[in-house]
Amino acid sequence: MTDLPTFVNEPIGELRRATVRDELLAGMQKLEPTLPLSVPVWIGDGKREREQLTSTDPGDPDRVVALSAVATTDEVDDAVEAAQRGFTRWSQTPVTRRAEILVNAAAWLRSRRAELAALEVRECAKPWSEADGDVCEAIDFLEFYARGAVALARGKPLFQVPGERNEMHYAPRGVCAVISPWNFPIAIPMGMTAAGLAAGNSVVLKPAEQSPGCGYMVVKALREAGVPPDAISLIPGEGEAGAALVEHPGVHTIAFTGSGPVGLSIIRAAAEPGAHHLKRVVAEMGGKNCIIVDSDADLDDAVPAIVSSAFVYAGQKCSAASRVLAHEAIADALLERVAGAVEVLVVGQADTFGIDVPPVIERDAQERVERYRALAGRQGRIAAERAEGLPDHGWFVPPTVATDLPRDSPVLNEEIFGPLLAVERVRDVDAALDRIEELSFALTGGLFCRNPHTVERVVRRNPVGNLYVNRPITGAMVGRQPFGGNRLSGTGTKAGGPDYLLHFVEPRVVTENTVRHGLVI
Amino acid sequence: MLAIGRDLAAALPGSSRNPIKAIDDKAMDLASQDAELRAALFRFVDVVPACRSLDDLASHLSGFLDEVGDRPPPLQVAMRMSESKAGRTALGAAAAAGVKHMAHRFIVGETPREATGVLEDLWRRGVATSVDLLGEATVTRAEADRYAARCREALDGLVDVYRRLPERPNLEHDSSGRIPRENLSVKVSALTPLLRPDAPELGKRDAAGRLRDLLGRARDLDAHLHIDMESFDSREAVTELVLELLSEPEFQDGPSAGIVLQAYLRDSPELCDRIIAWAHATPRAYPLLVRLVKGAYWDHEIVEARQHGWQSPVFEVKADSDRNFEALTRRLLEARPSVRVAVASHNLRSIAHALAANRAMGGEDGDVEIQVLRGLGDDLQQALATRGLRVRTYCPVGDLVAGMAYLVRRLLENTSNESFLHEQAAGRPLDELLAAP
């Protein structure tokens, strides 16, 4: 295979053009007659279909999007065994061939972009632009890690002396378990899976129970592109299937993106050694993401960026903003404008162009956010909410801005994962940094400020994995904003970055003596 | 065409009054030559209104200058001043005064009332105006209502200003009839917080109420209302909104109203056809005034397209825009009397071309309006007025906070090496400047 061209991000759809919007609508028309999808337990060449798990449209819970089988513990064992067999073959496939297959999978997705976006709209209530962006990100991950694996296979240079040849290379680790969330229902499972596969591991994917249909498409894309059936299996299900997979002694690497409590339980379970190895966990967990607004900020930029960071996709991104720490000199003006901007947000069905806030993923999520909203009203003050005209069907929550909350309020310290934003007044930027310092999360953060000295100071002190200056804090792009958090937000790995594949390999060094009879031969 | 161009050039005031040379702040000259310095200067200008004190101002200035590798001597002095409190206060005061001074070249007053003197003076010198109300971005309903209210007041205020002024026949009539003296330019993005690139209907619906009200007011006062065009993101919404509202029977007899066509857009010829077809099919007492511009959001469009991996909606080579401008000029002139044509440019070649094309079609000079920007086109405005042509100067009104986005845009234009004014200032021979793009 010839060298791959330089990586470029897949261009997201130019939805400002009516023709592009029409293509997406045509994708929906093509998808709808195929629903509900039947999602199998898919191990090697064997498919078992059964209607055990139902995924529905969050905007219309009567609409069934996918009917999925649920993997049993025996099936989890089967999947890991298949993956062990698959590993032997896949790890020996030349890296250029593996890269080629991943690039084929990217092409498969590319040729079905509109239908896949439509599936995300239906199954996860991703608004069109977000859904299309997610499919593009999945394509990016495939293209990016394919290139990364080829580069990694060249190894790293070592010092050499006469009579000795030193080489360092990276070998795949073995079976990789991928446990993925529903909020980026194709991109995140594809990203973790593609990284594992690119590096030569075999993968067993357990997608979120809320988005089995999207998870199925991930595996389908990879298999259609040429990944051997034993090298990629799908075990849909709920928590038990995931737990069985994590605990399986045949698993070497666990790549997880999801909530903090589940992540910590995975890290604990993975402390137990595997058959002959230590398990490694790559985990991306929650956040409590703060945007600092300094007194010199341009509020014309800050307000729309804050509102989009907090409310796009109903705040259900791990990168979403949940706190604004505003310098006291501009706090009142900022709060008034943010509140006014929230009052005109368009809450509606994900399949409608131009909506800002879709429903949240499920009833539990709706109830959770409502609890925090009620708490925010009791402990502080609701500065704005967009409550009127909410569809009465579907898991809608009014986008809300709260303020005047006590420092120890759960609203300020726990991950809510919904359209609720807290605004706080601080003396200055340093006071804001003190509050950020108190958090156990460190995923994303934002800063609106036009003084280069202050920017420098915040960059030094803010512990977050991704800091955004004078722009929204969501929307990380593969290769441009390698993504991942620190502290309890994650293991500090950066998806879509130059170091990510290193977590899926083990380094090996070979030193060969080239001296024979006193001569260097 | 060459003859017209040379004649206008001859009517320009002495080269010492050229806008670029005349900007007394030497920083602008320096900025044109040094990209780093230009970035530092513009970032500073941009933040001035948000600074809370002179000390704060100086701290920002030194922060930006820190990032400039090669500092000319005056800036080294500035850096040394920023090391002491007293120095910072002095530096801050000097810098603030400089920026304010710069702003006053481009912005005629903080309020329409304050601008009265300038508007009167221009009229007496044979120059019409279009007033534009600068404002902060509209992100809330209250802000949209406030902007609409300011526009209403401005319309009333303009009537007060202009009714006292003497007759200027060439500014008030063309062969289609009367041209209102009072002329206000408004922005749809300020009339609604709901402009969404992927849902033009949404912003259109929300802005329609406020714009309809303004159109009604303009009709009652017999003033002209011009709807500006902004970035490509809102192009569909703005175009459809304007054409739909002006199709309503209540606006058939007025007001005089207009739309903007941006020649830097690759698809502007299609839009031009659409506008002309609409104008032919929609008879109005006042023909639709089409203001032809190159377009002011070029950098924004290019950056946006690059960041998303899109083909840019604008021509990337300036000569392509210039050529398209001339083609569109001819199309619009041919579409009279269904439309009126305003050619908005500081490019002598583009203007001479429009006047020559009009004459070649047998049109009167008075049937082409030339529009320029306050602060950038002052000399040209003078030359056009001297030759008895109808020139209208776009006059922004607003405070420094609101005006900053506009000011930075103008400064960028002023220091761009590609701009006509820059080439003219650099002493490029007239015949080269007048050559076909």
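Relevant structure appears above.
Summarised in this report is the structure supplied together with it. (Residues numbered from 1 in each chain as written. Chains lettered and ligands numbered in written order. Predicted model: local features only at pLDDT ≥ 70, side-chain atom pairs only at ≥ 80, totals over all residues.)

1. Let's talk about the overall build of chain A
So, step 1. For chain A, the helix and strand inventory stands at 15 helices and 23 strands.
So, step 2. A compact globule built from 521 residues would reach a C-alpha radius of gyration of about 24 Å, and chain A, at 24 Å, matches this within 12%.
So, step 3. Dimensions along the principal axes, computed over C-alpha positions, put chain A at roughly 80 × 55 × 45 Å.
So, step 4. Taking all 521 residues of chain A together, the buried fraction comes to 57%.
So, step 5. Contacts in chain A between residues far apart in sequence, at least 24 positions, make up 76% of those at least 6 positions apart. (Helix = DSSP H or I, 4+ residues; strand = E, 2+ residues; numbered from the N terminus. Rg over C-alpha atoms; globule rule 2.2 N^0.38 Å. Buried ≥ 20, exposed ≤ 12 C-beta atoms within 10 Å, placed from the backbone. Contact = placed C-beta atoms within 7 Å.)

2. Some points on the overall build of chain B
So, step 1. What chain B contains, in helices and strands, is 21 helices and 10 strands.
So, step 2. For 437 residues, the compact-globule estimate of 2.2 N^0.38 gives 22 Å, and the C-alpha radius of gyration of chain B, at 22 Å, lies within 12% of that figure.
So, step 3. Over its C-alpha atoms, taken along the principal directions, chain B stretches across nearly 65 × 50 × 50 Å.
So, step 4. Across the 437 residues in chain B, those meeting the buried criterion constitute 51%.

3. Some points on the nonpolar core
So, step 1. A:Leu102, A:Leu142, A:Tyr145, A:Ala198, B:Val290 and B:Leu292 are the most contacted members of the largest nonpolar core, which has 304 residues in total.
So, step 2. At 13 residues, helix H5 (residues 128-152) of chain A tops the list of elements feeding residues into this core.
So, step 3. When sequence neighbours within four positions are dropped, the list of residues in contact with A:Leu102 reads A:Leu142, A:Tyr145, A:Ala146, A:Ala194, A:Leu197 and A:Ala198. (Core = buried A, V, L, I, M, F, W, Y, C linked by C-beta atoms within 7 Å.)

4. A short note on the sheet that holds strand S6 (residues 256-262) of chain B
Whenever strands of a sheet pair, they do so through backbone hydrogen bonds, lying parallel or antiparallel.
All names here are of chain B.
So, step 1. Taken together, eight strands build a closed barrel; the order of strands is S1-S4-S5-S6-S7-S8-S9-S10 and the barrel is parallel. Taking each pair of neighbouring strands and ignoring which way they run, the sheet shows an average axis angle of 30°.
So, step 2. Where strand S8 (residues 339-344) meets strand S9 (residues 368-373), four bridges bridge the pair, whose relative direction is parallel. Bridging across to S9, Val343 finds its partner in Ile370.
So, step 3. Strand contacts of helix H16 (residues 318-334): S6, strand S7 (288-293) and S8, with the helix running at about 165° to S7, the strand carrying the most contacts. (Pairing = 2+ DSSP bridges. Axes fitted to C-alpha atoms, helices over the stretch in contact; angles between N-to-C directions.)

5. A few points about the interface of chain A and chain B
So, step 1. Listed as interface residues are 29 residues of chain A and, on the opposing side, 30 residues of chain B.
So, step 2. The element contributing the most residues to the side of chain A that touches chain B is helix H11 (residues 328-343) of chain A, with five residues.
So, step 3. Within the side of chain A that touches chain B, the residues separate by chemical class into 13 nonpolar, seven polar and nine charged. (Nonpolar A, V, L, I, M, F, W, Y, C, P; charged D, E, K, R; others polar.)

6. Some remarks on the sheet that holds strand S18 (residues 444-448) of chain A
Residues and elements named next belong to chain A.
So, step 1. Strand order in this open sheet of seven strands is S14-S15-S16-S13-S12-S18-S19, and the pairing throughout is mixed. Two strands in the sheet have a free side with no partner beyond their single neighbour: strand S14 (381-385) and strand S19 (466-469). The sheet shows a mean angle of 20° between the axes of neighbouring strands, direction not considered.
So, step 2. Pairing between strand S12 (residues 289-293) and strand S13 (residues 321-327): five bridges, direction parallel. Each residue of the ladder has a partner; that of Ile292, found in S13, is Leu325.
So, step 3. Each of S14, strand S15 (400-403) and strand S16 (420-426) touches helix H12 (residues 363-379); the most contacted strand, S16, lies at about 30° to it.

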